[in-house]
Amino acid sequence: MGRGAVLALMLCLLGVAVQAEDPYVYYTWKVTYGIISPLGIPQQGILINNQFPGPEINSTSNNNIVINVFNYLDEPLLFTWHGIQLRKNSWQDGTPGTNCPILPGTNYTYKFQVKDQIGTYFYYPSTALHRAAGGFGGHRIFSRLLIPVPYPDPEDEYWVLIGDWYTKSHSVLRKFLDSGRSLGRPDGVLINGQTTKDDGSDKPMYTMKPGATYKLRICNTGIKDSLNFRIQGHPLKLVETEGSHTVQNIYDSLDVHVGQCFTVLVTADKEPKDYYMVASTRLTKYNLVGKAILSYTNGKGPASPELPPAPVGWAWSLNQFRSFRWNLTASAARPNPQGSYHYGGINITRTIILSNSVIRGQGKLRYAINGVSHVDTETPLKLAEYYGIADKVFKYDLISDVPPVTVNNLTLAPNVLRATYRTFIEIIFQNPTKTIQSYNLGGYSFFAVAIEPGKWSPEKRQNYNLLDAVSRHTIQVFPKSWAAVMLTFDNCGMWNLRSEQAENRYLGQQMYVSVQSPENSTRDEYNLPLTQLICGLCKNMPNPGNLYH
């Protein structure tokens, strides 16, 4: 090696040492169909590397995650990273409004950073009704080693992915919705893709050493129903939800609404034998139950067939929501206290009231937000913006900040609302229907400051929690109630605000929020990645290059 090459290598090594990137984590996923029988009936499922549920994404705060997805299905596919904020990078959000789908027989590599985030999350396919067939899995983000965590290291940690389940295939369910039929009641409830058979053949899902404490990462990955989670004889100590350390209250059970995640600690300090973990439907006319066995390592004796009862009514669930508090003394993903952000003292610059509605009849079924039922476009909204052809694909601000008094007819169109960069905005979710709603906003977390029955009005602000509301990315809205969240729109991009109920989302109860950089600066947003798939009207257009500098 010549002297110049040695010097170049030394400089390169020095550069790496001085300007080291955060570590990379690599995954390769092969997405296929496969026969699964989670409720004892063989059906077509979606597998990742032959796994159902899919493999865990295991990362640490600030890691760069690279996932090469090979689509062996016969349909276009996308994955979205539920709760991951993807700072400056909606290009990797994996929704139809940001990404061209991965066509059958092709692959695409996602690359994103879990910047300043910790906690329990999951991923799932955002296309069609694929989540009803699988393709979902857990994503855990550990705190960096130097950042203290407000509880001792557990003996071990376990995933508990709970969700309702249909034995019909996702394509049959999709035909239902396309023909104006509702999905109807699910066929069962699963815990990590299975439930007990109760025929003497059930094996423990997890084991616990007597006296040890375990961390459970619980997410509702289902598509329709809120679920209540509990363990026979074992209280749950809540320590984190959706990226925020919480005040460590003790609960006998937790209501987990669709799309929500909780992290709890459970101590094995009871009689050494088997116990049931239970997940059952809430706020429904039917009662579906999923079970899994937790076993003590020195245990003798089966789990009692007598299950702890689930709570009744949604007032209980509302009171539980009000008991969740942000842990202001804990360190966050960054080495500054979470409570240093005094959101309660910031002036609200805009109030957006979003009301959901549904229209049924004459073979049609559609859901809407403020009278607009969202329709996905062949050209992703974000791509159209970047290529300067947004006006050929969609219109901004079809809805106003106040819903119409009555909704007799729905407008079917792409629903895109503009938000000004770095403004502090209050969003009110108003639910005039008799069915519970669950919403998620991509790219952000928000302060969940209030949920109350009735109709929202400005004087209701006096009931907001302006001190220690939990910062999270999903929120439920009970029947004929409202929920209020507050956030700063400081993450440029095109972000999906969606119903977590698959039927509602698929039939239009979703929208996008466009937050653009006022200075076209790479400090605010990344340019179009070189590897981005191009489709729709943009496919034959010249690449605009780097618009942001």
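Structure: above.
Only a predicted model underlies this, so the values are computations on that prediction, with no experimental measurement involved. (Residues numbered from 1 in each chain as written. Predicted model: local features only at pLDDT ≥ 70, side-chain atom pairs only at ≥ 80, totals over all residues. Heavy atoms only, no water.)

Novice: Help me understand the overall build of the protein chain in this model?
Specialist: Along the backbone of the protein chain there are six helices and 33 strands. In terms of C-alpha radius of gyration, the protein chain reaches 23 Å, essentially the compact-globule figure of 24 Å for 549 residues. Along the first, second and third principal axes, the C-alpha atoms of the protein chain reach 75 × 70 × 50 Å. Here the protein chain, with 549 residues, has 58% of them falling under the buried criterion. Pairs at least 24 apart in sequence give 78% of the contacts found in the protein chain among residues at least 6 apart. Accessible surface for the protein chain amounts to roughly 22,800 Å². Of this, 53% is attributable to carbon and sulfur atoms. (Helix = DSSP H or I, 4+ residues; strand = E, 2+ residues; numbered from the N terminus. Rg over C-alpha atoms; globule rule 2.2 N^0.38 Å. Buried < 20%, exposed > 50% of the residue type's maximum accessible area, 1.4 Å probe, protein only. Contact = heavy atoms within 4.5 Å. Areas by Shrake-Rupley, 256 points an atom, 1.4 Å probe, with all protein chains shown as cover.)

Novice: In this structure, what is going on with the packing of aromatic side chains? I would like to understand it.
Specialist: Within the structure shown, the criterion is met by 28 aromatic pairs. Considering the side-chain rings of F262 and F324, the 5.4 Å spacing of their centres and the 50 degrees angle between planes classify their relative orientation as tilted. Placement of the pair is F262 in strand β18 (residues 261-267) and F324 in the loop between α3 (314-323) and β21 (350-361), with a sequence separation of 62 residues. Across this residue pair, the class does not change: F262 and F324 are buried. Ring pairs connect the aromatic residues W29, F79, W81, Y108, Y110, F112 and Y123, which therefore count as one cluster. Taking the ring centre of Y275 as reference, the NZ or CZ of K273 above it sits at 4.7 Å. (Phe/Tyr/Trp six-rings, centres within 6.5 Å; stacked < 30°, edge-to-face > 60°. Lys NZ or Arg CZ within 6 Å of the ring centre and 35° of its normal.)

Novice: Explanation requested: the pattern of salt bridges in the structure shown.
Specialist: For side chains bearing opposite charge, pairing can occur when the charged atoms are close. Under the criterion given, the structure shown has 20 salt bridges. Of the charged contacts, one joins K382 and E525 as a salt bridge, the two residues approaching to 2.7 Å between their closest N and O atoms. Taken together, the residues K382 in helix α4 (residues 381-386) and E525 in the segment after β33 (510-515) connect sequence positions 143 residues apart. Residues K382 and E525 agree in their burial class; the two are buried. The salt bridge involving D397 is made with R418; its shortest N-O contact spans 3.3 Å. Taken as a pair, D397 in the loop between α5 (390-393) and β24 (411-412) and R418 in strand β25 (residues 416-419) lie far apart in primary sequence, 21 residues in all. Note on D397: relative accessible area 32%, which makes it partly exposed. One salt-bridge network, in which partners are shared between bridges, spans E56, R140, E157, K215 and R217. (Salt bridge = Lys/Arg side-chain N within 4 Å of Asp/Glu carboxyl O.)

Novice: Is there a simple way to explain the state of the cysteines in this structure?
Specialist: Cysteine pairs can be linked by a disulfide, which is a covalent bond between their two sulfur atoms. Scanning the model with the defined rule gives two disulfides in all. Paired through a disulfide, C100 and C535 show a sulfur-sulfur distance of 2.1 Å. An S-S torsion of about -90 degrees defines the bridge between C100 and C535 as left-handed. Of the two residues, C100 sits in the loop between β5 (79-82) and β6 (107-113) while C535 sits in the segment after β33, which places them 435 residues apart along the sequence. No difference in accessibility class separates C100 from C535, as the two residues are buried. (Disulfide = S-S within 2.5 Å.)

Novice: I keep staring at α3 and nothing clicks. Help me out?
Specialist: Along an α-helix, residues three or four apart share an orientation, since each turn contains 3.6 residues. Taken together, the buried positions of α3 are S317, L318, Q320 and F321. For α3, the buried positions fall inside an angular range of 160 degrees around the axis, keeping them on one side. On its buried face, α3 is in contact with β16 (250-251), β17 (253-256), β28 (446-453) and β30 (474-477). (Arc of directions from axis to C-beta.)

Novice: Mind showing me how you'd approach the environment of L398 here?
Specialist: Looking at where L398 falls in the secondary structure, it is placed in the loop between α5 and β24. If we ignore the near neighbours within four places in the chain, the residues touching L398 are V372, A413, P414 and V416.

Novice: What am I meant to see in unusual backbone geometry here?
Specialist: Glycine aside, negative phi is the norm for most residues, and most peptide bonds take the trans geometry. Cis peptide bonds are those with omega within 30 degrees of zero, and the linkage from F52 to P53 qualifies with -10 degrees. Structurally, the position occupied by P53 is in the loop between β2 (43-48) and β3 (57-60). We note that N520 has phi near 45 degrees; this positive angle belongs to a residue other than glycine. Topologically, N520 is positioned in the segment after β33.

Novice: How should I be thinking about the sheet that holds strand β1 (residues 24-36) in this particular structure?
Specialist: Two pairing modes exist for strands in a sheet, parallel and antiparallel, and in both the strands are linked by backbone hydrogen bonds. On the basis of which strands lie adjacent, the open sheet formed by four strands has the order β2-β1-β4-β6 and mixed pairing. Edge positions in the sheet fall to β2 and β6, since each has one partner strand and no second. The sheet shows a mean angle of 20 degrees between the axes of neighbouring strands, taken without regard to direction. Relative to β6, strand β4 (residues 64-71) runs antiparallel, the two being bridged by seven bridges. Following the sheet pairing, N64 is matched in β6 by Q113. (Pairing = 2+ DSSP bridges. Axes fitted to C-alpha atoms, helices over the stretch in contact; angles between N-to-C directions.)

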